[in-house]
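Here is how the chains run, residue by residue.
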Amino acid sequence: MMGKAILILAFICLLSLINAQCPSGSLNFTIDFNQSPSDFEHVWERCVGSGHALLALRADYREQLSRAHFECGFEYVRFHGIMDDDMSTYLPQQNSSYSFFNADSIFDFLLSIGMKPLVELSFMPKLLASCNNTIFHYEGGICPPKVYSEWADLVTAFVQHMVDRYGIMEVSQWYFEVWNEPNCGFFTGNQTDYYKLYAYTAGAVKSVSTNLRVGGPVTCQSQWIPDFIAYVQKNNLPLDFISTHEYPTDITPTKRNTLFTVFNKTRSQVPVDIPLFYSEYNSGLDPNLHDTTYASAFVMNTVLAVNDIVDLYSYWTFSDIFEEGGFISTPFHEEFGMINIHNIAKPAYRAFQLLHMTGDYIYSTPSNDMYPTVQAIPTLNDDNNKKIINVILFNHNVYGGPILEQQVCLNLIGLPTFGQNATITRIDEENANAPNEWVKMGSPQYLNSAQVTKLQAASELQWENLPYKTNSNGDVQFLVNVPPEG
């Protein structure tokens, strides 16, 4: 397991005691609370990914999604396959060609917990498909339709049903994506075929109501964006948002701020009045380090780097209840989820939980050039009755990149006088790290109830008091060691 720490310092109140200097060799972070903070919108919370639609009928999936919504603040959820045959959406042999009962069950549940869907309109029912090609264990159809108008009829009926059931005021707050990664093995057609599919699908959505929101091209690796926009504009097609995907390992060699560079480039390609969504990202596809604290530090680094660039970015995925390659029983196997199949939180989940605690205002910190791997996210919660300052420190580099444990001397100046407590929690090798505890158990494939309880306890954030020094001005200093790869 890789060593690392993420630390959140929650200052409920502070005192003035003595004058203090930073030790030689420490990294000096000074945060001046006399400055005006910037708004810190929780854009990372707007959506989270999951597997495919059928899984959302499972009780354990629903339990975990409810937990992620309430503890991490996720607002929308995205999944593949709402039109898949295993959802029984298209049944022409029946009296009615369509069956939306399963979809209703899923959307009823989402709304009941205060979430909404980002609806990926995929995949192709076999009886509509122009070929027999499928993808994944659950056999999602990846062919263009034999008759595009019949696919459009299905989409129209589906969307109309949702409007009839939930009302236009509700469904107009959803998003409809046309397909998934048509350029990366999820579509047997070419780029022109996808554009045709988009035209028919977007037209079907808008035929129900022009207030509904539809977008694409949902490509991997941020591809097709300028061509797609030109096609839409030339053909006067509806487009309410651009959606695409990027993983830091899509570009080699992997760099620490790959997503920052790519997101900025894509933002420059998209008109300013069109929202930009990255509806899939995570710490990478190869190597897979999703169970480790590498993923939690990556989350912090990504939020600090890209939060002001895009309008939505969706971590893939919230749960290991996932079966692209079949349902795997091993408790920790580097699956994409931030919660495992036993509802045990991984370090990445705890990172999102800490981020959810941050405030709506952020203060500036030293540039990344000064400290290439260590950064801070200092925020303020101000609800008029109580002020809480949260400072997240993380130490992160790309996998295998140079990184050392660092002692951070954190100086906070210009603080208001609002108390006398400072607490700290950590995510590292020994803290909030159930996968590491599982390895110590001998990596059992099947867990008994006692082992589940022990691992759940090992996954929890533990808070403790943090000593500090102050001077006569009320400035406060903390010394914190941040291990590598965190």
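Residues numbered from 1 in each chain as written. Predicted model: local features only at pLDDT ≥ 70, side-chain atom pairs only at ≥ 80, totals over all residues. Heavy atoms only, no water.

### Focus: the overall build of the chain
Each helix and strand counted, the chain has eleven helices and 21 strands in total. In terms of overall dimensions, the chain is globule-like: its C-alpha atoms have a radius of gyration of 24 Å, near the 23 Å expected for 486 residues. Across its three principal axes, the chain shows a C-alpha extent of roughly 80 × 55 × 45 Å. For the chain, buried positions account for 59% of its 486 residues. Long-range pairs, those at least 24 residues apart, make up 76% of the contacts in the chain with a sequence separation of at least 6. A total of about 18,800 Å² of accessible surface is found on the chain, and carbon and sulfur atoms cover 48% of it. Averaged over its 26 positive side-chain charges, the chain has a centre that lies 1 Å from the centre of its 50 negative ones. (Helix = DSSP H or I, 4+ residues; strand = E, 2+ residues; numbered from the N terminus. Rg over C-alpha atoms; globule rule 2.2 N^0.38 Å. Buried < 20%, exposed > 50% of the residue type's maximum accessible area, 1.4 Å probe, protein only. Contact = heavy atoms within 4.5 Å. Areas by Shrake-Rupley, 256 points an atom, 1.4 Å probe, with all protein chains shown as cover. Lys, Arg positive; Asp, Glu negative; His and termini not counted. Charge placed at Lys NZ, Arg CZ, Asp CG, Glu CD.)

### A look at the sheet that holds strand 20 (residues 469–470)
Read from one edge of the open sheet, four strands run 2-17-21-20, paired in mixed fashion. The open sheet is flanked by strand 2 (27–32) and strand 20, the only strands paired with a single partner. Direction of pairing for strand 20 relative to strand 21 (residues 476–482): antiparallel, over a ladder of two bridges. Looking across to strand 21, one finds that Thr 470 is bridged to Val 476. (Pairing = 2+ DSSP bridges.)

### A look at the side chain of Glu 120
Residue position: Glu 120 is located in strand 6 (residues 116–121). Here Arg 78 takes part through its side chain, which lies 2.9 Å from a polar atom of the side chain of Glu 120. Within the structure, Glu 120 has its side chain in polar contact with the side chain of Ser 122 (distance 2.4 Å). Other than its neighbours up to four places away in sequence, Glu 120 contacts Arg 78, Phe 79, His 80, Gly 81, Ile 82, Glu 177, Trp 179 and Asn 180. (Polar contact = N/O pair within 3.5 Å; in protein donor to acceptor, adjacent residues only side chain to side chain.)

### Remarks on the state of the cysteines
According to the stated counting rule, one finds three disulfides in the structure shown. Between Cys 131 and Cys 143 runs a disulfide, and the two sulfur atoms are separated by 1.7 Å. Of note, the bridge from Cys 131 to Cys 143 carries an S-S torsion of about -90 degrees and is left-handed in sense. Highlighted residues: Cys 131 in the loop between strand 6 and strand 7 (134–135) and Cys 143 in the loop between strand 8 (140–141) and helix 3 (148–166), separated in sequence by twelve residues. For Cys 143, a relative accessible area of 0% translates into the label buried. The disulfide that involves Cys 184 links it to Cys 220, with 1.5 Å between the sulfurs. Residue Cys 184 is found in the loop between strand 9 (175–178) and helix 5 (191–208), and its partner Cys 220 is found in the loop between strand 10 (214–219) and helix 6 (225–234); the two are separated by 36 residues along the sequence. Under the relative-accessibility criterion, Cys 220 is labelled buried at 6%. Taken in N- to C-terminal order, the disulfide-linked cysteines of the chain are connected 1-6, 2-3, 4-5. (Disulfide = S-S within 2.5 Å.)

### Points about the packing of aromatic side chains
Throughout the structure, instances matching the rule amount to 40 aromatic pairs. Considering the side-chain rings of Trp 174 and Phe 176, the 6.4 Å spacing of their centres and the 40 degrees angle between planes classify their relative orientation as tilted. Exposure remark for Trp 174: the relative accessible area of 0% places this residue in the buried category. Centre to centre, the rings of Tyr 194 and Tyr 195 are 6.3 Å apart; their planes meet at 65 degrees, and the pair counts as edge-to-face. On the accessibility criterion, Tyr 194 (0% relative accessible area) is buried. Relative accessible area serves as the criterion here: at 9%, Tyr 195 is assigned to the buried category. (Phe/Tyr/Trp six-rings, centres within 6.5 Å; stacked < 30°, edge-to-face > 60°.)

### Some points on the nonpolar core
By size, the foremost hydrophobic cluster in this structure holds 108 residues, and its most contacted members are Phe 107, Phe 158 and Tyr 194. A total of ten residues in this core trace back to one element, the largest contributor, which is helix 3. Those residues within four positions of Phe 107 in sequence are excluded, and the remaining contacts are Phe 79, Ile 82, Pro 117, Val 119, Phe 158, Met 162, Tyr 166 and Trp 174. Tyr 371, Leu 380, Val 391 and Val 476 belong to the second-largest nonpolar core, a separate cluster that totals 24 residues. (Core = buried A, V, L, I, M, F, W, Y, C linked by side-chain atoms within 4.5 Å.)

### Comments concerning the environment of Ser 130
Here Ser 130 is to be found in the loop between strand 6 and strand 7. When near neighbours in sequence (up to four residues on either side) are disregarded, Ser 130 contacts Cys 143, Pro 144, Pro 145 and Lys 146. A distance of 2.8 Å separates the side chain of Ser 130 from the backbone oxygen of Pro 144, its partner in a polar contact.

### Describing the environment of Asn 381
The topology assignment puts Asn 381 in strand 15 (residues 374–382). Overall, the relative accessible area of 23% leaves Asn 381 in the partly exposed class. Separated by 275 residues in the primary sequence, Asn 381 and Ile 106 place their C-alpha atoms 34 Å from one another. Discounting chain neighbours no more than four positions away, the residues touching Asn 381 are Met 357, Thr 358, Gly 359, Asp 360, Lys 386, Lys 387, Ile 388 and Asn 390. Polar side-chain contacts of Asn 381 include one of 2.8 Å to the backbone oxygen of Met 357.

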